[in-house]
Amino acid sequence: MTNETGMKRPFTDGQDLLPGLSIDPVIFGFHEGQLKILLLRFRGMDAFALPGGFVHLSEDVDEAAARVLYERTGLREIYLDQFYTFGKRDRRDAGTQQTLLQGNGVELPNTHWLLQRFVSIGYYALIDFTKANPTPDPLSDSCGWHDLATLPPLIFDHTAMVYKALETLRKNLDDKLIGFALLPETFTMTDLQQLYETILGKPLQRTNFQRKILSLGILERLEKKMSGGAHKAPYLYRFISPATP
């Protein structure tokens, strides 16, 4: 749950898990001008959390993160980056954790490993909103998208995780071709500017934005234009793959 329960089998023994460590990915999607976050809602409760999981003893932490993402979205080979380690001593509340488990009919003694201190590795993921198949974990009754601007209260320090991930995303906008994972294969310059403005939370001057983006050498302009009037149809662009010479 932290949500350290992203397993399809009983999770209370923990014999093949790395103790005290969890994965908490912040999964971003972009749709209709809004930046979305994927959240779990616990069964029978008005409690929300990031879709997290554990690390198996046989896994690298990056492998665990990719597995958790696949279990919650049905997608593989997606952009996933480790951004921070959350390890404050009081970051989790055992009473809240116990309540969440009891809401699913799970009673554990206070000494159980699930109720002890956890360090969580934060990842952020960027996925195609239209291709994801949000899937709840065993303790949740729903897994769905929420607008970043109107997030519900989250358990533990998950809200802080979201905004730390957003801070990192903003810093990496240019360097890591962030838009490649959040936009369709082809897009207009206006589409790209709207994505930047949504992530940065502020308007950008059109001419300066285009000059900056074109100077990065990350876009290929296509001959095909969007449908529309002959003199008004904008050009379509696509990102140049990092493997392209």
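Residues numbered from 1 in each chain as written. Predicted model: local features only at pLDDT ≥ 70, side-chain atom pairs only at ≥ 80, totals over all residues. Heavy atoms only, no water.

Participant: Help me understand the overall build of the protein chain, please; the structure alone is not making it clear to me.
Facilitator: The secondary structure content of the protein chain amounts to six helices and nine strands. Put simply, the protein chain has 245 residues, and 48% of those count as buried. Long-range contacts, defined as pairs at least 24 residues apart, comprise 72% of the intrachain contacts of the protein chain with a sequence gap of at least 6. Surface summary for the protein chain: the accessible area is close to 12,500 Å², and the carbon and sulfur share equals 50%. (Helix = DSSP H or I, 4+ residues; strand = E, 2+ residues; numbered from the N terminus. Buried < 20%, exposed > 50% of the residue type's maximum accessible area, 1.4 Å probe, protein only. Contact = heavy atoms within 4.5 Å. Areas by Shrake-Rupley, 256 points an atom, 1.4 Å probe, with all protein chains shown as cover.)

Participant: Where do I start with the side chain of Ser120 in this structure?
Facilitator: Relative to the helices and strands, Ser120 is located in strand E6 (residues 119-126). Separated by 2.4 Å, the side chains of Ser120 and Asp24 make a polar contact. (Polar contact = N/O pair within 3.5 Å; in protein donor to acceptor, adjacent residues only side chain to side chain.)

Participant: Which parts of the structure should I look at to understand the packing of helix H5 (residues 189-200) against helix H6 (residues 206-215)?
Facilitator: Relative placement of two packed helices is described by the angle separating their axes and the distance separating the axes. For the pair H5 and H6, interaxial distance at closest approach is 11 Å and the crossing angle is 100°. Relative to H6, the element H5 is oriented roughly perpendicular. Counting all contacts with H5, which are made through Met189, Leu192, Gln193 and Tyr196, the residues of H6 involved are Arg206, Phe209, Gln210, Lys212, Ile213 and Leu214. When its residues are assigned to classes, the contact of H5 with H6 shows six nonpolar, two polar and two charged. (Axes fitted to C-alpha atoms, helices over the stretch in contact; angles between N-to-C directions. Parallel < 35°, antiparallel > 145°, perpendicular 65-115°, else oblique. Nonpolar A, V, L, I, M, F, W, Y, C, P; charged D, E, K, R; others polar.)

Participant: Please explain the packing of aromatic side chains as it appears in this structure.
Facilitator: What describes a pair of aromatic rings is the distance from one ring centre to the other and the angle between the planes of the rings. Across all of its chains, the model carries nine aromatic pairs by this definition. These aromatic residues form a ring-pair network of at least three members: Phe28, Tyr79, Phe83, Tyr84, Phe86 and Tyr124. Above the ring of Tyr70, the side-chain terminus of Arg76 is found at 3.6 Å from the ring centroid. Over the aromatic face of Tyr235 sits the side chain of Arg221, whose NZ or CZ is 3.6 Å from the ring centroid. (Phe/Tyr/Trp six-rings, centres within 6.5 Å; stacked < 30°, edge-to-face > 60°. Lys NZ or Arg CZ within 6 Å of the ring centre and 35° of its normal.)

Participant: What exactly am I supposed to notice about the environment of Thr150 here?
Facilitator: Here Thr150 shows up in the loop between strand E7 (140-147) and helix H3 (158-171). By relative accessible area, Thr150 is classed as exposed at 57%. Separated by 114 residues in the primary sequence, Thr150 and Lys36 have C-alpha atoms spaced 9.7 Å apart.

Participant: Can you walk me through the environment of Leu166 in this structure?
Facilitator: Relative to the elements of secondary structure, Leu166 occurs in helix H3. The exposure class of Leu166 is buried, given its relative accessible area of 4%. Note: C-alpha distance between Leu166 and Leu148 (18 residues apart in sequence) is 9.7 Å. If we skip the residues at most four places from it in the chain, Leu166 touches Phe28, Leu35, Leu148 and Ile199.

Participant: Hey, could you run me through unusual backbone geometry in this one?
Facilitator: For residues besides glycine, phi is generally negative; the peptide bonds are generally trans as well. Phi is positive for Glu77, which is not a glycine, with a value near 50°. The topology assignment puts Glu77 in the loop between helix H1 (61-73) and strand E5 (79-86). Look at Glu77 and you get exposed, because its relative accessible area is 83%. Despite not being glycine, Phe156 has its phi angle at roughly 50°, a positive value. Along the chain, Phe156 turns up in the loop between E7 and H3.

Participant: In this structure, what is going on with the pattern of salt bridges? I would like to understand it.
Facilitator: Opposite charge on two side chains makes pairing possible when the charged atoms of those side chains draw close. Per the stated rule, a full pass over the model turns up nine salt bridges. Here Glu71 makes a salt bridge to Arg72, at a shortest N to O gap of 3.8 Å. Both residues of the pair, Glu71 and Arg72, belong to the buried class. Between Lys164 and Glu167 there is a salt bridge, and its shortest N-O distance comes to 3.7 Å. Taken together, the residues span about one helical turn, with Lys164 and Glu167 both in helix H3 at a distance of three residues. Under the relative-accessibility criterion, Glu167 is labelled partly exposed at 33%. Where salt bridges share partners, they join Glu59, Arg67, Glu71 and Arg72 into one cluster. (Salt bridge = Lys/Arg side-chain N within 4 Å of Asp/Glu carboxyl O.)

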